[in-house]
There are 2 protein chains.
Amino acid sequence: MTLLNRQLCLDSRPQGVPNANNVRLRSAPLRRPGPGQVLLQNLYLSMDPAIRGWMSDKPSYMPPIALGDPVRSSTLGRVVESRHPDFQVGDIVVGLAANGWEDFSLTAGERLDRIEPDPRFPLSHYLSVFSAVGLTPYFGVLDIGKPKPGETMLVSAAAGAVGSLAGQIAKIEGCRTVGLVGSDEKCRWIVEELGYDFAINYKTCRNLTHAIAEACPAGVDIYFDNVGGEVLDAALLNMNNVGRVVFCGAIAQYNTEQPVPGPFNYWQILARSLTVRGFISPEFKDRFGEGIAQMSDWIADGRLVFTEDMVEGLENTLEAFSRLFTGANRGKLMVKVRDPSEPAPTLEEIRNAAEQPAHV
Amino acid sequence: MTLLNRQLCLDSRPQGVPNANNVRLRSAPLRRPGPGQVLLQNLYLSMDPAIRGWMSDKPSYMPPIALGDPVRSSTLGRVVESRHPDFQVGDIVVGLAANGWEDFSLTAGERLDRIEPDPRFPLSHYLSVFSAVGLTPYFGVLDIGKPKPGETMLVSAAAGAVGSLAGQIAKIEGCRTVGLVGSDEKCRWIVEELGYDFAINYKTCRNLTHAIAEACPAGVDIYFDNVGGEVLDAALLNMNNVGRVVFCGAIAQYNTEQPVPGPFNYWQILARSLTVRGFISPEFKDRFGEGIAQMSDWIADGRLVFTEDMVEGLENTLEAFSRLFTGANRGKLMVKVRDPSEPAPTLEEIRNAAEQPAHV
């Protein structure tokens with residue numbers, strides 16, 4: 001048996017949505033861990049809009065992916081060989097943006113978190129609702145948005161993985177919630193299934209500023225922003241005094257290579273005494289346990305609905321990723337690389353297949 | 001004797017810096033107070049960039065000045081007739097944006113604050129450092145910027161009325177301070193007289209982003225922004241993680257009628273987990289007494305240097321105002337309408353000169 005590592009590597013920086021010219025599938029011999037390293041077999045990949053940013057060479061909170069490298073990604077995997085004292089073969093681990101779009105990832109132990117799966121939930125939840133995609137709305141709503149009962153929270157990309165949770169968390173805190181989505185079907189879904197109080201199809205409404213004003217007669221206290229752009233401009237014109245803008249993403253601009261201006265209504269931040277706060281979930285890393293425990297309870301109680309949009313097969317990753325930008329996904333988009341019930345390669349198989357260990 | 005009220009009225013909305021076609025001097029008969037109103041003789045006018053915003057019909061935190069009305073302005077005056085129980089003839093009062101560019105203002109008592117002048121300071125200080133222009137940097141630095149000793153604060157328009165105080169207050173709090181100004185002379189002034197650690201002439205430096213990086217080797221923790229525009233973009237690229245942008249003004253855009261985009265580096269707010277907080281001083285109205293007491297002590301101790309740039313004569317107001325936008329002023333620009341040592345009109349003179357009282 002030849003054990004090869006299939007890898008989706010960044011060949012060129014994309015213009016717009018990445019395609020097969022930018023990301024190519026290669027097969028490489030397996031590499032074995034050096035001191036302090038861990039070899040994982042990836043089970044699930046997380047499809048995150050942020051990955052599109054790392055494919056560019058724009059400055060951001062992480063360095064760009066180097067050309068030729070596997071596309072950087074958060075993954076959930078199982079340990080198949082370890083040279084780090086904290087990890088043993090069979091451990092289930094997640095690496096938040098420490099791994100890649102590949103069958104096997106070779107990673108420093110410090111960049112992995114071992115998880116103790118709760119049998120009430122599918123394993124994939126530890127790469128979705130119990131990981132960045134869930135902890136981002138958890139801390140974004142509670143710690144950045146600081147909701148008070150009776151306040152109104154507006155959410156963009158409200159049918160997305162983060163937005164669908166943000167609205168439900170604000171609702172649990174006693175807010176009125178209004179979601180912006182891109183289709184009538186999503187409007188129905190977020191109201192009927194997720195409990196949003198109201199939904200606006202931003203693609204078909206005539207004037208988004210007026211539509212938000214009608215949907216939020218008491219104004220907007222918290223705007224949970226996943227998209228930026230014109231939607232942000234419309235939201236700013238509806239903010240109440242001392243309102244909060246939770247700046248979580250700006251997907252509207254991820255596929256442009258031109259410089260993108262900030263909101264034309266930036267002045268309203270002063271005029272309305274607003275707070276705009278950007279954040280990424282690692283800021284709250286010390287409190288991830290708290291967030292996972294609380295959301296586990298909410299899901300078990302049926303108060304929080306969470307949907308995974310699961311695509312099968314590493315070879316379908318690029319097509320799956322592109323759906324993030326066409327509005328074709330609903331809930332958290334993920335790729336299953338290998339089913340957890342399938343057997344892991346044994347150490348002997350790895351030994352036979354692999355190159356010599358890296359000397360780090 | 002004929003007692004006329006000279007008024008500078010908004011005839012048309014300016015394009016760019018307002019000129020004599022936009023603001024015209026008229027004389028009107030004196031009007032006497034109706035119930036609850038107070039008639040003031042204005043002594044000093046405050047020249048504030050915000051007034052330029054109110055001359056436009058763009059939405060902001062105050063309605064636009066109506067065409068034909070005197071230009072809205074903060075003033076300090078003395079009461080010459082009162083029909084409000086809290087005010088007596090001879091009282092010294094300030095009206096924050098409640099009055100106008102005129103000899104006499106007729107104002108509801110609720111919109112005035114009576115002051116108890118401290119004889120250690122000139123009366124005009126109660127319309128400058130002990131008013132919005134001083135309370136804005138006081139609360140902006142302390143409550144919005146939240147400086148910690150050893151942090152770096154960058155200030156734009158650092159030789160302006162607000163910026164010159166902001167740097168000194170941050171310095172008192174133990175920060176390293178770097179100021180952005182528009183001339184070498186101002187560079188010298190803010191370092192030698194105001195105690196800024198470093199000054200950058202943004203007009204002559206080759207690359208502002210690099211110049212800030214060199215002047216702030218440990219990065220920028222607090223950016224106190226008075227100007228917006230390209231300077232804000234350069235500042236954003238130098239912010240430290242979880243830094244604070246105190247959004248106090250955007251003078252770079254006040255004279256444009258075109259829609260002005262927000263910063264092109266808006267994304268950095270997310271990438272660096274920044275907080276951008278807009279504010280105007282009335283948010284802290286309940287704590288103005290605290291701010292005035294603290295700044296009085298600092299001025300009396302010589303720890304805070306404050307300069308008034310005083311222009312004589314109501315008729316020179318428009319020319320004085322335009323200097324706010326050419327960078328020709330240094331310190332707080334004000335107009336002295338009448339010297340406090342000159343006699344006030346008597347009630348009999350007012351009665352003889354005036355129209356009948358308004359019946360409110």
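Everything quoted here is computed from the prediction, not taken from an experiment.

S.K.: Hey, could you run me through the packing of helix α2 (residues 132-145) of chain A against helix α3 (residues 161-172) of chain A in this one?
M.R.: A packed helix pair is summarised by two numbers, namely the angle formed by the two axes and the spacing between the axes. Residues and elements named next belong to chain A. Between α2 and α3, whose axes approach to 8 Å, the crossing angle comes to 40°. Between α2 and α3, the interaxial angle falls into the category oblique. Relative to α3, α2 is oriented so that their crossing is right-handed. Side by side, α2 and α3 meet where Val133, Gly134, Thr136, Pro137, Tyr138, Val141 and Leu142 of the first sit next to Ala161, Val162, Leu165, Ala166, Ile169 and Ala170 of the second.

S.K.: So what exactly am I meant to see when it comes to the packing of helix α5 (residues 208-215) of chain B against helix α6 (residues 229-236) of chain B here?
M.R.: All names here are of chain B. Where α5 contacts α6, the axes come no closer than 8 Å and their chain directions differ by 50°. Relative to α6, α5 is oriented oblique. Viewed along their axes, α5 and α6 form a crossing whose handedness is right-handed. Packed against α5, whose contacting residues are Leu208, Thr209 and Ile212, the element α6 presents Val231, Ala234 and Ala235 at the interface. Residues of the contact of α5 with α6, tallied by class, amount to five nonpolar, one polar and no charged.

S.K.: Sorry if this is basic, but what is going on with unusual backbone geometry here?
M.R.: All names here are of chain B. One non-glycine residue, Ala97, lies in positive phi territory at about 60°. Here Ala97 lies in strand β5 (residues 92-100). Notably, Ala157 is not glycine yet its phi reads approximately 50°, a positive angle. As for its placement among the helices and strands, Ala157 is situated in the loop between β8 (152-156) and α3 (161-172).

S.K.: Which parts of the structure should I look at to understand the pairing of strand β13 (residues 275-278) of chain B?
M.R.: Regular strands place side chains that alternate from one sheet face to the opposite one. Covered by surrounding structure in β13(B) are B:Thr275 and B:Arg277 together with B:Val276 and B:Gly278, the residues of both alternating faces. Note: strand β13 (residues 275-278) of chain A against β13(B), three bridges, orientation antiparallel. Each bridged residue has a counterpart across the sheet, and for A:Thr275 the counterpart in β13(B) is B:Arg277.

S.K.: Just checking my understanding: could you explain the environment of B:Asn238 for this structure?
M.R.: Residues and elements named next belong to chain B. Turning to its location among the elements, Asn238 is positioned in the loop between α6 and β12 (239-247). Here the alpha-carbon distance between Asn238 and Ala132, two residues 106 residues apart in the chain, equals 29 Å. Reaching out from Asn238, the side chain makes a polar contact with the backbone oxygen of Ala234 at a distance of 3.0 Å.

S.K.: Honestly, the pairing of strand β9 (residues 176-181) of chain B in this entry has me stumped. Any pointers?
M.R.: Residue and element names in this part refer to chain B. Counting buried positions over the six residues of β9 gives five, a clear majority of the element. Pairing analysis gives five bridges linking β8 to β9, with the strands arranged parallel. The residue of β9 that forms the bridge with Met153 is Thr177. Bridge count between β9 and strand β10 (residues 198-201): four bridges; the pairing is parallel. When the sheet's bridge partners are listed, Gly179 is paired in β10 with Ala199.

S.K.: Can you walk me through the interface of chain B and chain A in this structure?
M.R.: Buried accessible area, meaning the area lost when the parts come together, often serves as the stated size of an interface. With 32 residues of chain B at the interface, the matching set in chain A holds 32 residues. In total, chain B and chain A occlude about 2,800 Å² of area from one another, counting both sides; carbon and sulfur atoms represent 65% of this. When the buried surface of chain B facing chain A is broken down by residue, B:Tyr266, B:Trp267 and B:Leu270 rank first, second and third, together holding 26% of it. Linking chain B to chain A there are zero salt bridges. Across the contact surface, chain B and chain A share eleven residue pairs in polar contact (both at pLDDT 80 or more).

What counts and how
- Residues numbered from 1 in each chain as written.
- Chains lettered and ligands numbered in written order.
- Predicted model: local features only at pLDDT ≥ 70, side-chain atom pairs only at ≥ 80, totals over all residues.
- Heavy atoms only, no water.
- Axes fitted to C-alpha atoms, helices over the stretch in contact; angles between N-to-C directions.
- Helix = DSSP H or I, 4+ residues; strand = E, 2+ residues; numbered from the N terminus.
- Parallel < 35°, antiparallel > 145°, perpendicular 65-115°, else oblique.
- Left-handed = near helix turned anticlockwise from the far one by under 90°.
- Contact = heavy atoms within 4.5 Å.
- Nonpolar A, V, L, I, M, F, W, Y, C, P; charged D, E, K, R; others polar.
- Buried < 20%, exposed > 50% of the residue type's maximum accessible area, 1.4 Å probe, protein only.
- Pairing = 2+ DSSP bridges.
- Polar contact = N/O pair within 3.5 Å; in protein donor to acceptor, adjacent residues only side chain to side chain.
- Buried area = accessible area lost by both parts, 1.4 Å probe.
- Salt bridge = Lys/Arg side-chain N within 4 Å of Asp/Glu carboxyl O.

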